[in-house]
Amino acid sequence: MAHSYVSHHHFLASLLLTLTTLSFVRTTYPQTNTEFIRSSCSVTTYPRLCFTSLSSHATFIQTSPKLMAHAALNVSLSSAKSTSAMMTRLSRSHGIKPLEASAVRDCVEELSNTVDELRSSVGEMDRLRGSNYEVYMSDIETWVSAALTDENTCTDGFEGSAMDGKVKVLVRERILAIARLTSNALALINHFASLHG
Ligand SMILES: *[C@@H]1O[C@H](CO)[C@@H](O)[C@H](O)[C@H]1NC(C)=O
C-alpha cells in the first residue's frame, strides 16, 4: 500500500513536472520572441502591419534587432516582387485603357528599381558586420529610401481624373501596402543602427 502511494505520488510529481516543462516550452519561449516583435514594432509608423507581417518569423528572429530588420526587408522585397508580377499581368489585360496601361508599365519600371534596391539592401544586410559597418549601413539606408521614393513615383502616375477607376484603386492599394512595409523596414533598420552606434 505504502509502495503504491509512493509510486502514485511519484507519478503525479513527474506528470506535473512534464506539464510545467511543456507549457514553459510551448508558451514562455514563443511569448518572449513574440513580445520582442511587438515591442520592436512600436518604432514603426504602422506597428500593427509590422506585427502581422513579422510575427510568423518570431522563432527565427528571436530577440535580434538585426534579424528583425533583415526579415522586414525580406517581407518588403517579396511583396514588391509579387506586386511587380501582378502589375505586368495587369498592363497586358484586356479592357485596360491605353493611358492606364502606360501608367501601369511605368509602375512596373519603378517597381523593378524598388526590387533591385531592396535586393541590394538584403545582400548588404548579410555582409553587415565588423569594420565596414558604417558604409554598408549608409548604403542600406540610401537604397531603402530610394525604394520608397520609387513606390511613390508609381502612384503619382495615376493623378488626374482621366485615371479614375478600378485600375487606379487597385494600383494605389498594392503600392501603399509595399510602401508601408518598406517604411517599417526602414524604421527597423534605423532602430538597429541606433543600437549599434
Ligand atoms: C531573408 O531571405 C533570405 C533569402 O530568402 C533567407 O535566406 C534569410 O534567412 C531571410 N532572413 C530573414 C531574417 O528572414
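Residues numbered from 1 in each chain as written. Predicted model: local features only at pLDDT ≥ 70, side-chain atom pairs only at ≥ 80, totals over all residues. Heavy atoms only, no water.

A. Spotlight on the site of the ligand. Close to the ligand lie Phe60, Leu67, His70, Ala71 and Asn74, which account for all nearby residues. One nitrogen or oxygen atom from the side chain of Asn74 is found 2.3 Å from an oxygen atom belonging to the ligand. The greatest single-element share of the shell around the ligand, amounting to four residues, is contributed by helix α4 (residues 65–91). Across the shell around the ligand, the residue classes break down as three nonpolar, two polar and no charged. (Near = heavy atom within 4 Å. Polar contact = N/O pair within 3.5 Å; in protein donor to acceptor, adjacent residues only side chain to side chain. Helix = DSSP H or I, 4+ residues; strand = E, 2+ residues; numbered from the N terminus. Nonpolar A, V, L, I, M, F, W, Y, C, P; charged D, E, K, R; others polar.)

B. Focus on unusual backbone geometry. The phi dihedral of Gln62 is positive, around 50°, even though this residue is not glycine. Considering the arrangement of structural elements, one finds Gln62 in the loop between α3 (58–61) and α4.

C. Structural detail: helix α6 (residues 133–156). Between its first and last C-alpha atoms α6 spans 35 Å; for 24 residues at 1.5 Å apiece the expected length is 34 Å, and the two agree. Regarding α6, the residues found buried are Tyr133, Tyr136, Met137, Ile140, Val144, Ala147, Leu148, Asp150, Glu151, Cys154 and Thr155. The inward-facing, buried residues of α6 abut α4, α5 (98–127) and α7 (166–196). (Expected span 1.5 Å × (residues − 1). Buried < 20%, exposed > 50% of the residue type's maximum accessible area, 1.4 Å probe, protein only. Contact = heavy atoms within 4.5 Å.)

D. Spatial organisation of the pattern of salt bridges. This model, assessed by the stated rule, comprises five salt bridges. A salt bridge links Arg127 to Glu124; the nearest nitrogen and oxygen atoms lie 3.0 Å apart. Here Arg127 pairs with Glu124, and both are found in helix α5, just three residues apart, close to one helical turn. The class of Arg127 is partly exposed, set by a relative accessible area of 45%. According to the relative accessible area criterion, Glu124 is buried, its value standing at 5%. (Salt bridge = Lys/Arg side-chain N within 4 Å of Asp/Glu carboxyl O.)

E. Summary view of the nonpolar core. Counting residues in each nonpolar core, the largest one holds 53 residues, and the members touching the most others are Leu54, Met68, Met87 and Val171. Elements that contribute at least two residues to this core include exactly α1 (2–40), α2 (47–54), α3, α4, α5, α6 and α7. Setting aside residues up to four positions removed in sequence, Met68 forms contacts with Phe36, Ile37, Ser40, Cys41, Cys50, Leu54, Ile61 and Leu188. (Core = buried A, V, L, I, M, F, W, Y, C linked by side-chain atoms within 4.5 Å.)

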